[in-house]
Protein chains: 4
Amino acid sequence: MPEGPTAHKLTSKEQKRNRILQTAIEVFADKGYFTARMTDVAHAAHVADGTLYLYFDGKEDLLMTIFDQTLSQFIERLEHEMRSLDDPVDKLRVMVRLHLETLGRNRSLAHVLQIETRHTRKFMSQLTRGKFGKYLGLVRTIIEEGQATGRFKSSISAGLATNVVFGAVDEIIMSWLLAEDPSDLLRYLDPLMDVLIEGLAPCETTPQIEVD
Amino acid sequence: MPEGPTAHKLTSKEQKRNRILQTAIEVFADKGYFTARMTDVAHAAHVADGTLYLYFDGKEDLLMTIFDQTLSQFIERLEHEMRSLDDPVDKLRVMVRLHLETLGRNRSLAHVLQIETRHTRKFMSQLTRGKFGKYLGLVRTIIEEGQATGRFKSSISAGLATNVVFGAVDEIIMSWLLAEDPSDLLRYLDPLMDVLIEGLAPCETTPQIEVD
Amino acid sequence: MPEGPTAHKLTSKEQKRNRILQTAIEVFADKGYFTARMTDVAHAAHVADGTLYLYFDGKEDLLMTIFDQTLSQFIERLEHEMRSLDDPVDKLRVMVRLHLETLGRNRSLAHVLQIETRHTRKFMSQLTRGKFGKYLGLVRTIIEEGQATGRFKSSISAGLATNVVFGAVDEIIMSWLLAEDPSDLLRYLDPLMDVLIEGLAPCETTPQIEVD
Amino acid sequence: MPEGPTAHKLTSKEQKRNRILQTAIEVFADKGYFTARMTDVAHAAHVADGTLYLYFDGKEDLLMTIFDQTLSQFIERLEHEMRSLDDPVDKLRVMVRLHLETLGRNRSLAHVLQIETRHTRKFMSQLTRGKFGKYLGLVRTIIEEGQATGRFKSSISAGLATNVVFGAVDEIIMSWLLAEDPSDLLRYLDPLMDVLIEGLAPCETTPQIEVD
DNA sequence: GATGAATGAGTCTTCATTCAT
DNA sequence: AATGAATGAAGACTCATTCAT
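Only a predicted model underlies this, so the values are computations on that prediction, with no experimental measurement involved. (Residues numbered from 1 in each chain as written. Chains lettered and ligands numbered in written order. Predicted model: local features only at pLDDT ≥ 70, side-chain atom pairs only at ≥ 80, totals over all residues. Heavy atoms only, no water.)

The next point concerns the interface of chain D and chain C. By a frequent convention, interface size equals the accessible area lost on bringing the separate parts together. Taken residue by residue, the interface counts 40 residues in chain D and 40 residues in chain C. A combined buried area of about 3,700 Å² lies between chain D and chain C, and 62% of that area is made up of carbon and sulfur atoms. Of all residues in chain D, the largest losses of buried area upon contact with chain C belong to D:Arg118, D:Lys122 and D:Glu171, amounting jointly to 19% of the total for that side. When residues of the side of chain D that touches chain C are traced back to their parent elements, those giving at least two are helix H1 (12–31), helix H6 (107–123), helix H8 (158–178) and helix H9 (189–200) of chain D. (Contact = heavy atoms within 4.5 Å. Buried area = accessible area lost by both parts, 1.4 Å probe. Helix = DSSP H or I, 4+ residues; strand = E, 2+ residues; numbered from the N terminus.)

So, in C-alpha cells, the structure goes:
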C-alpha cells in the first residue's frame, strides 16, 4: 500500500483538500475572489468554516494554491509533451493546444485564472509570478529556438513575440468565457496557429511590405 | 498648444473632480481597487473622506467613472482619427497606436485598466462592457473591412482575428507594466504591426503550409 | 416705526425665522426628527444649509423651538380664554377644544408634536418638559377645582384624572393623524367631553346632569 | 409553578437571543432607539458587536422584534384570558389589567414601547402597525359588544371610545414612567376602570338602546 | 447676511479568522 | 479531525456643523 507523496491513491485527507480546492475554484469563479466569502466556499464544499483552515492557511492561500497547483501541473505536462518534439512550430502548437485544452476543460478554473491572474501577477510575491513567469519563459524559449533555426523571423524581439502569442491565446479564452456559447475552445487552435505562424514567419521569401 | 476638440475652461468644481479622479487612478493602480480604501484616495487627494462623496456616488462609481471616461474619450478620439482613413491596415495601425499611446502616457491609468478590467468586464453589466464592447466592435469592423477588400485573409473568423489583435496589444501593455523598464510603449508599435499584418495577410501568394 | 419685541409687524428676519421653523415642522413631520437631515430642511425652506445656523443653534434647537413656541402660545391663549370662566367643566371644555383646534389646524405640527413628544418628554431637559408639565398642571388644576366644588368626583386622584383627560385627547389626535380621513378634529369635541364629564362626575347620589 | 402555555426548554441559542433582546430593550429604553448604538447593546450584553448580527438582521430588526414579540405574546395572552368571559365590562377590565401588568413588570420594555411606539406606528408599514392595530381592534370589539348589549352607551362612536380607553391607559403608563415614584402600576386599575365605566355607561335617565 | 463646499467624527455592518467543544 | 459560534478590526458612507467667500 504505497502512500508516498507521489502515490496515486490519494489519502482521504488529500481528497478532501482537493474537493475544497475545486469548490473554491467554482466559488471564486462565480463571485470573484474578493467578493466571495470564506463562508461561501465552506458551504459549497459542505464543510464547516473552520475546516477550511485545517487544509489551507487562509483565503489568500486558497487562491495561491489554485494558481500554483494549476500552473505546476500545466508546466509539468507541457515539458513532458514537448520532450519528444524538435520543431519549434510543433512545440508552439503543443503549448497552445495544452493551454486551450486545460482551460477549456474546466470553465471555472478558466474564470479564476483569467479574472484574478492580473491581480496576482501584479501583487502577489514571487511564487506565483515565478510559476507564471516560467510559463512565459517557456514560450519565449520556443520563440528563440525558432528564431535561431530560422523558423521564426528575427526582426522582432522574442519578448514581443511572446506577448503576441500569449496575449492572443489569453484573449481568445477571455472571449470564450464571456460568450454564452460554450463551444469547444480547441476549435480555435488551427486558425489561431495559422495566424501566429504567419505572423512570426521570416519574411525573406515573401516581400510583403510593398503594400502600396 | 492647441487643445483637443473638447477643450473648455474647466470650472473649479470640474477641476477638483478631475483631481480626485486622477488621484483615485493612482491609488487604485498602487493598491488595487479592492485593497484600496476610500480614505487612501481622500488622503492622497488632500481632501476629507466625505468630500469624495460630493463628487462621486461611492467607491464603485469612482472605478466606473475611470472606465467610462477613459473609454469614451478613447473611442471618440479613435473615431475622429480614423475618419480620414480608408485602408483597413492604416486604420488598424492608428487604432493600435492610439491604444499604446493612451496607456503609455498614463502608467497608473494603464494599471487600473489592465488589472481591474477583467473583473469589470465580467461583473459589471452594460455600461462598461458596452463601452468596451464598442471598442472591440471597432476592431472587428476594421478586420471585416479588410477581409472584404482582400487586405486580410478570410480563412479565419473576424472574431478570432479581433481577439488576436486585441490580445497582443493588451499583453504587450501588461508586460510593459510589470517590467521595471518604463521604456516607451510606442517602440513596440512597428514590430507589433508587422507581426499582425503578416499574420492576417491573405496567403494566396505564399504557400506557407508546407511546413514539412 | 415701533420695532419692540412685541411689535406686530414682524421684521424680515423674524419672518424668515418663522418660515424656516414652519418648514422644519413639515420636514420633521414628513420624515421624523431623527431621519430628517438639516439639508432637507434647508432645501425645503429654500435657503442654504448654513443659513439655518444663523437663525437656530442646531438641529435640536429647531425641535426645541417648535415645542417651546407652540406650547407657549398655546398656554398663553389657554390662560387668556379661561380667564373669563368659572365652571371647571367649562374650563375643561375650552382646554380640550383649544387642544383639538390648535393641532387640527396644522397637521404637520400635530405630527411632530405627537410623534416626537415622547422622546422629548423623556430625554430633553427641563425647558420643554417644563412647558409641557405646565400644561398638564393646568389640566390638573381644573380637575382639582372641580373636585373642590363637587363637580368632579373626588374618589380618584387628580393626577389620574389628568392622565385620563390628556391621554384621551392625545390618542384621538393620534388616531386622526394615522387615518386617511382628514375629517375635522373638532367633531370629536362633544362626544369626547360627554365621556369625560360622565367619567369624572361624582357618583350615585348626585343627579349630575342638571348643569344649569 | 406551572409555566405558561408556551413553556419550553429553551435552547442555549434561544436563551442567548433572548438575553440580547432583553439587553437591547434596556439600552433602547435608556438612550432611545436612535441614540443608542449597536456597540452599546453589544457591550451591555457582553458579546462582540458582530455577535448581534448572528441573532438579528440589524438594528431595526432588533426594535421590530421587540415590538412584534411583545405584542404577539400580549395578544395571545389576552385572547386566552378573555375566552372565559362574557361581560364586556369584565373583558375591558382584564384587558386594561393585562396592559398595566405587562408593562408594569418590565419598566424598560415600557419605556421602549411608550417612547418608540409612535415612530413605529407612523413609519413602519404593516408588521407592527398590524399587530398594534389588532390590539386596538380587540378593544374596539369589546366596546362594540358593550354597546350592543347596552352595557356601554351608543351615543359615541366605538372608535372614539377605543381612543379614550387606550389613550387613558397609555398616558397613565407614560406618567408612571416619567415619575420617580416606581409605585405599582396596578394600583391605578380600579380608579381608572371606575372612570372608564362611568364615562362609557349609558345615561340612566335615557334608556336609549332598548337592547332586550 | 447668505452661501454651500468642505470637514471628519461617528456608526452600522461585514467577514476572515480563531478556539472551545 | 471537525465544527460553527464568537470575535473585533476594518471600512464605506453619512450628516451636523463650520467658515472662507
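There is more to say, and it comes next.
As a further point, take the protein's contact with DNA strand F. Every one of the 32 residues lining DNA strand F counts as a neighbour, but A:Lys16, A:Thr51, D:Lys16, D:Thr51 and D:Tyr55 are closest to it. For DNA strand F, the fraction of atoms within 4 Å of the protein that belong to sugar or phosphate moieties is 69%. With respect to DNA strand F, the side chain of A:Thr51 contributes an N or O atom lying 2.6 Å from a phosphate oxygen. One of the backbone nitrogen or oxygen atoms of B:Met38 is found 2.9 Å away from a phosphate oxygen of DNA strand F. Listed by contribution, the elements that provide at least two residues to the surface near DNA strand F are helix H1 (12–31) and helix H3 (49–55) of chain A, helix H3 (49–55) of chain B, helix H3 (49–55) of chain C together with H1 and helix H3 (49–55) of chain D. (Near = heavy atom within 4 Å. Polar contact = N/O pair within 3.5 Å; in protein donor to acceptor, adjacent residues only side chain to side chain.)

Superposing chain A onto chain B takes a rotation of 179 degrees plus a shift of 0.0 Å along the axis, which leaves an RMSD of 0.2 Å. Here the transformation between the copies is reduced to the relation of a two-fold axis. (Least-squares fit on C-alpha atoms with pLDDT ≥ 70 in both.)

On inspection of all chains with the given rule, the structure shows 64 salt bridges over all chains. The closest approach of N and O atoms between B:Lys31 and B:Asp40, which form a salt bridge, is 3.5 Å. A salt bridge links D:Arg93 to D:Asp190; the shortest N-O distance between them is 2.4 Å. Here D:Arg93 is found in helix H5 (residues 88–105), whereas its partner D:Asp190 is found in helix H9, with 97 residues between them in sequence. Bridged by salt links that share partners, the residues A:Arg77, A:Glu81, A:Arg97, A:Glu101 and A:Arg105 form one connected network. (Salt bridge = Lys/Arg side-chain N within 4 Å of Asp/Glu carboxyl O.)

All right, on to the relation of the copies chain D and chain C then. Mapping chain D onto chain C calls for a rotation angle of 179 degrees and an axial translation of 0.0 Å; the resulting RMSD is 0.2 Å. Both copies present the same face, since 98% of the interface residues in chain D are matched by interface residues at the equivalent positions in chain C.

Next up on the list: helix H1 (residues 12–31) of chain C. Its 20 residues give H1(C) an end-to-end C-alpha distance of 28 Å, which sits within 8% of 28 Å, the value for a rise of 1.5 Å per residue. Residues of H1(C) that are buried: C:Ile20, C:Leu21, C:Thr23, C:Ala24, C:Ile25, C:Val27, C:Phe28 and C:Ala29. On its buried face, H1(C) is in contact with helix H2 (38–44), H3, helix H4 (59–82) and helix H6 (107–123) of chain C together with H6 of chain D. Of the residues trailing H1(C), C:Gly32 is marked for its positive phi of about 90 degrees. (Expected span 1.5 Å × (residues − 1). Buried < 20%, exposed > 50% of the residue type's maximum accessible area, 1.4 Å probe, protein only.)

Below, the discussion takes up unusual backbone geometry. If a residue is not glycine, its phi is most likely negative; likewise, a peptide bond is most likely trans. All names here are of chain A. One non-glycine residue, His-46, adopts positive backbone phi at about 60 degrees. Looking at where His-46 falls in the secondary structure, it is placed in the loop between helix H2 (38–44) and H3. Given the relative accessible area of 72%, His-46 is considered exposed.

Residue and element names in this part refer to chain A. Locating Tyr-55 in the fold gives a position in helix H3. Distance from Tyr-55 to Leu-192, taken between C-alpha atoms, is 40 Å for residues 137 residues apart in sequence. Excluding residues within four positions of it along the chain, Tyr-55 makes contact with Lys-13, Lys-16, Arg-17 and Ile-20.

The next subject is the protein's contact with DNA strand E. Around DNA strand E, 31 residues are found, and the nearest of them are A:Met38, B:Lys16, B:Thr51, B:Tyr55 and C:Thr51. In DNA strand E, atoms within 4 Å of the protein come from the sugar-phosphate backbone in 70% of cases. Measuring from a phosphate oxygen of DNA strand E, one finds a side-chain N or O atom of C:Lys16 at 2.7 Å. One nitrogen or oxygen atom from the side chain of C:Tyr55 is found 2.8 Å from a phosphate oxygen belonging to DNA strand E. Among the secondary structure elements, those contributing two or more residues to the surface near DNA strand E are H3 of chain A, helix H1 (12–31) and H3 of chain B, H1 and H3 of chain C together with H3 of chain D. The element contributing the most residues to the surface near DNA strand E is H3(C), with five residues.

Take the packing of H5(D) against H8(D) next. Residue and element names in this part refer to chain D. The N-to-C vectors of H5 and H8 enclose an angle of 25 degrees; their axes lie 11 Å apart at closest approach. Relative to H8, H5 is oriented roughly parallel. Of the two possible hands of crossing, H5 and H8 adopt the one that is right-handed. Residues Leu-92, Val-96, His-99, Leu-100, Leu-103 and Gly-104 of H5 lie in contact with H8, whose contacting residues are Val-165, Phe-166, Val-169, Ile-173 and Trp-176. Residue composition of the contact of H5 with H8, grouped by class: nine nonpolar, two polar and no charged. (Axes fitted to C-alpha atoms, helices over the stretch in contact; angles between N-to-C directions. Parallel < 35°, antiparallel > 145°, perpendicular 65-115°, else oblique. Left-handed = near helix turned anticlockwise from the far one by under 90°. Nonpolar A, V, L, I, M, F, W, Y, C, P; charged D, E, K, R; others polar.)

Time to look at the interface of chain A and chain B. With 47 residues of chain A in contact, the opposing surface of chain B contributes 45 residues. Between chain A and chain B, roughly 4,100 Å² of surface is buried when both sides are summed, and carbon and sulfur atoms account for 61% of that area. Considering only the surface of chain A that becomes buried against chain B, A:Arg118, A:Glu171 and A:Glu198 emerge as the three largest contributors, covering 18% of it. Applying the counting rule to chain A against chain B returns six salt bridges. Linking B:Asp194 and A:Lys153 is a salt bridge whose minimum nitrogen-to-oxygen distance equals 2.9 Å. Counting the contacts that link chain A with chain B gives 14 residue pairs in polar contact (both at pLDDT 80 or more). Mapped by element, the contributors of at least two residues to the side of chain A that touches chain B are H1, helix H6 (107–123), helix H8 (158–178) and helix H9 (189–200) of chain A. Residue contributions to the side of chain A that touches chain B peak at 12 residues, all from H8(A). In the side of chain A that touches chain B, the residues fall into 21 nonpolar, 12 polar and 14 charged.

Right, let's get into the domain arrangement of chain A. All names here are of chain A. Partitioning chain A into domains gives domain 1 (11–56) and domain 2 (58–200). Both faces combined, the contact of domain 1 with domain 2 buries some 1,500 Å², and carbon together with sulfur accounts for 71% of it. When the buried surface of domain 1 facing domain 2 is broken down by residue, Ile-25, Tyr-33 and Phe-56 rank first, second and third, together holding 39% of it. For the pair domain 1 and domain 2, the interface holds zero salt bridges. In this assembly, domain 1 and domain 2 are joined by six residue pairs in polar contact (both at pLDDT 80 or more). Taken together, the elements giving at least two residues each to the side of domain 1 that touches domain 2 come down to H1 and H2. For the side of domain 1 that touches domain 2, the leading source of residues is H1, giving 10 residues. Tallied by class, the residues present in the side of domain 1 that touches domain 2 amount to 13 nonpolar, three polar and two charged. (Domains from an automatic or database assignment.)

We now examine the environment of A:Ile156. Tracing the backbone through its elements, the reader meets A:Ile156 in the loop between helix H7 (126–149) and H8. Each C-alpha atom, one on A:Ile156 and one on A:Ser72, is 29 Å from the other, the two residues being 84 residues apart in sequence. Those residues in contact with A:Ile156 that lie beyond four places of it in its chain are A:Gln147, A:Ala161, A:Leu200, B:Pro191, B:Asp194 and B:Val195.

A word on the side chain of C:Arg118. Note that C:Arg118 resides in helix H6. A polar atom in the side chain of C:Arg118 sits 3.1 Å from the backbone oxygen of D:Gln114. Apart from residues lying up to four places away in sequence, C:Arg118 is in contact with C:Asp170, D:Gln114, D:Ile115, D:Arg118, D:Asp170, D:Glu171 and D:Met174.

Residues and elements named next belong to chain A. For chain A, per-residue confidence averages 89 on the pLDDT scale, and residues scoring 70 or more make up 90% of the total. Per-element confidence in chain A is highest for H2, whose mean pLDDT is 98, and lowest for H7, whose mean pLDDT is 89. Segment residues 1–7 is flagged for pLDDT under 50; beyond a separation of four residues in sequence, or across chains, it makes three contacts in the model. Scored below 50 in pLDDT, residues 206–212 makes six contacts in the model with residues more than four places away or belonging to other chains. (pLDDT = per-residue confidence, 0-100.)

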